[in-house]
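# Chains, contacts and geometry: an overview
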Amino acid sequence: MMGESSISSDMIRGHLDAIILRVLSEGDNYGYEIIKAIAKNSDGQYELKEPSLYTSLKRLEAQKLISSYWGDETQGGRRKYYRLTGEGAEAYEKALAAWKVARALIDQLMERQE
Amino acid sequence: MDKIQQHVDRLFRPYKGSKQAQELKQEILSNLQARVADMTMSGVSREAAISSAIANIPSIAHLLDEKPRVFLYRFWVEWVQRVLLFTLIAWIVTMPFRFVGNGTGSNTLLMFIALGIGIVYGGLLLLKRYDRKTGGMNVQAALRLRKIGWLLWVLLMGVSLFYTTALHFGSNLWFSRPIHISGPYQFANVAIDYLKPFVTLLIPLALHMVPKLLMKYEVGEEDGCTE
């Protein structure tokens with residue numbers, strides 16, 4: 001069981017940026033809520049670790065696919081919200097289309113035809 | 001929330017003064033607080049929620065840029081200025097050595113070092129046109145270098161103090177001949193022999209300032225940076 005879940009997180013890691021872009025395409029959000037949204041989208045099968053989230057967000061922001069702003073919470077630490085940019089929306093559509101092509105191809109290559 | 005605050009403070013202790021780190025700290029803190037609030041809402045005990053939140057983020061070293069962009073010129077000007085100041089202070093403090101005779105050499109050497117650094121500082125001030133020049137500087141390496149500097153210095157001081165003691169008081173221990181400090185002049189000579197090695201304190205001090213200054217002159221999000 002343990003092995004299975006670590007294999008799937010290895011496979012997911014390469015697509016983490018697109019997965020985060022999808023969450024942000026549904027609205028601006030901050031770190032913990034992004035992790036929660038991804039857990040919910042996976043029906044609890046996948047939980048993103050916080051360090052991986054920060055690494056991805058930083059990369060996406062450097063590529064200008066997302067931008068950030070601070071929330072105005074009155075109590076507790078300030079939340080940093082992320083917003084999808086125009087370029088980010090385009091990048092998301094491209095990544096999704098590329099994934100669909102790859103998935104079809106890999107299916108075709110891996111599944112034995114009876 | 002105190003335990004979380006403590007954990008986050010501990011994670012970020014080496015990066016005090018870094019803008020980049022302060023922003024990340026705020027973000028991590030608010031996310032951990034949100035996680036604990038959410039878990040306690042769904043029935044997890046507060047203690048368990050806090051320890052699971054903390055376990056989620058054990059270290060932050062790889063989340064910060066190894067080489068953040070720094071205003072190079074401003075960094076070097078302030079560093080050289082501070083080293084110059086420390087050298088001048090050391091020069092002034094060691095002046096009384098001259099009255100005794102012992103230690104005149106160290107005092108003269110300090111004067112020349114201060115002069116040399118002064119010339120470098122003057123040269124730097126002439127290069128004002130590079131004021132907005134930035135470049136990547138390795139803060140982690142500077143932190144390591146600082147640690148090594150202090151370690152070597154403490155070691156050196158240990159050896160030196162042992163050596164001076166053996167030289168002056170060895171005869172008392174090994175040959176049971178009582179030591180004669182026959183007057184203030186002899187006393188001053190012995191005292192200066194002990195104090196002289198402390199002049200090398202300048203080296204770890206100079207290294208000590210590097211990481212802090214690097215973080216001070218880090219290019220923040222609001223500075224428009226020029227390559």
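Residues numbered from 1 in each chain as written. Chains lettered and ligands numbered in written order. Predicted model: local features only at pLDDT ≥ 70, side-chain atom pairs only at ≥ 80, totals over all residues. Heavy atoms only, no water.

Next up on the list: the pairing of strand S3 (residues 80–84) of chain A. Residue and element names in this part refer to chain A. Counting buried positions over the five residues of S3 gives four, a clear majority of the element. Inspection of the sheet shows strand S1 (residues 29–30) paired to S3 by two bridges, in the antiparallel sense. Residue pairing in the sheet places asparagine 29 in a bridge with tyrosine 82 of S3. Relative to S3, strand S2 (residues 66–70) runs antiparallel, the two being bridged by five bridges. From the neighbouring strand, tyrosine 69 faces S3, where its bridge partner is tyrosine 81. (Buried < 20%, exposed > 50% of the residue type's maximum accessible area, 1.4 Å probe, protein only. Helix = DSSP H or I, 4+ residues; strand = E, 2+ residues; numbered from the N terminus. Pairing = 2+ DSSP bridges.)

Here the focus is the UniProt feature "transmembrane region" (unreviewed entry) in chain B. Residues and elements named next belong to chain B. Under the present numbering, the feature "transmembrane region" (unreviewed entry) in UniProt falls on residues 79–97, 109–127, 148–167 and 187–207. Note that residues 79–97 is 84% helix and 0% strand, and that its end C-alpha atoms are spaced 28 Å apart. Along residues 148–167 the backbone is 100% helical and 0% strand, and the end-to-end C-alpha distance reaches 29 Å. (UniProt positions renumbered as here; feature names shortened; annotations may be inferred.)

The next subject is a nonpolar patch on the surface. All names here are of chain A. A cluster of nonpolar side chains, namely Leu105, Ile106, Leu109 and Met110, defines an oily patch on the protein surface of about 460 Å² accessible area. Locating leucine 109 in the fold gives a position in helix H5 (residues 86–110). Taking the relative accessible area as the measure of exposure, leucine 109 reaches 65% and is therefore exposed. (Patch = residues over 30% accessible without salt bridge, like charges linked within 9 Å, V, L, I, M, F, W, Y side chains within 5 Å. Areas by Shrake-Rupley, 256 points an atom, 1.4 Å probe, with all protein chains shown as cover. Salt bridge = Lys/Arg side-chain N within 4 Å of Asp/Glu carboxyl O.)

For the rest of this paragraph, the subject is the confidence of the model for chain A. Model confidence for chain A is summarised by a mean pLDDT of 88, while 91% of its residues fall at 70 or above. Averaged over each element, pLDDT in chain A is lowest for helix H1 (residues 2–13) of chain A (67) and highest for S3(A) (95). (pLDDT = per-residue confidence, 0-100.)

Summed over all chains, the structure comprises six aromatic pairs over all chains. Relative to A:Tyr81, the ring of A:Tyr30 has its centre 5.5 Å away and its plane inclined at 75°; by these criteria the two rings are edge-to-face. Of this pair, A:Tyr30 sits in strand S1 while A:Tyr81 sits in strand S3, placing them 51 residues apart in sequence. On the basis of an interplanar angle of 70° and a centroid distance of 6.1 Å, the ring pair of B:Trp153 and B:Phe198 is categorised as edge-to-face. Here B:Phe198 lies in the loop between helix H8 (184–195) and helix H9 (202–216) and B:Trp153 lies in helix H7 (residues 139–174), a separation of 45 residues in the sequence. (Phe/Tyr/Trp six-rings, centres within 6.5 Å; stacked < 30°, edge-to-face > 60°.)

A separate point is the nonpolar core. One finds B:Phe12, B:Ile28, B:Ile60, B:Phe75, B:Trp79 and B:Leu214 to be the most contacted residues of the largest nonpolar core, which totals 45 residues. Only helix H1 (2–12), helix H2 (19–41), helix H3 (46–56), strand S1 (69–71), helix H4 (72–93), helix H6 (104–126), H7 and H9 of chain B provide two or more residues apiece to this core. By residue number, the principal contributor to this core is H4(B), which donates eight residues. Counting contributing residues, this core receives three or more from each of domain 1 (2–63) and domain 2 (69–216) of chain B. In this view, B:Leu214 contacts B:Val70, B:Phe75, B:Met137, B:Asn138, B:Val139 and B:Ala142; residues no more than four positions away in its chain are not counted. Core analysis: the second largest hydrophobic core is formed by 18 residues, A:Ile20, A:Leu21, A:Leu57 and A:Tyr92 among them. (Core = buried A, V, L, I, M, F, W, Y, C linked by side-chain atoms within 4.5 Å. Domains from an automatic or database assignment. Contact = heavy atoms within 4.5 Å.)

A few words now on the domain arrangement of chain B. Residue and element names in this part refer to chain B. Annotation of chain B at the domain level lists domain 1 (2–63) and domain 2 (69–216). Using only C-alpha atoms to locate each centre, domain 1 and domain 2 end up separated by 40 Å. Of the residues lining the interface, six residues belong to domain 1; the matching set on domain 2 comes to four residues. Summing the contributions of domain 1 and of domain 2, the shared interface buries around 410 Å²; its carbon and sulfur component is 55%. Across the contact surface, domain 1 and domain 2 share zero salt bridges. Counting across the domain 1 and domain 2 interface gives one residue pair in polar contact (both at pLDDT 80 or more). Of the residues assigned to the side of domain 1 that touches domain 2, the class counts are three nonpolar, two polar and one charged. (Buried area = accessible area lost by both parts, 1.4 Å probe. Polar contact = N/O pair within 3.5 Å; in protein donor to acceptor, adjacent residues only side chain to side chain. Nonpolar A, V, L, I, M, F, W, Y, C, P; charged D, E, K, R; others polar.)

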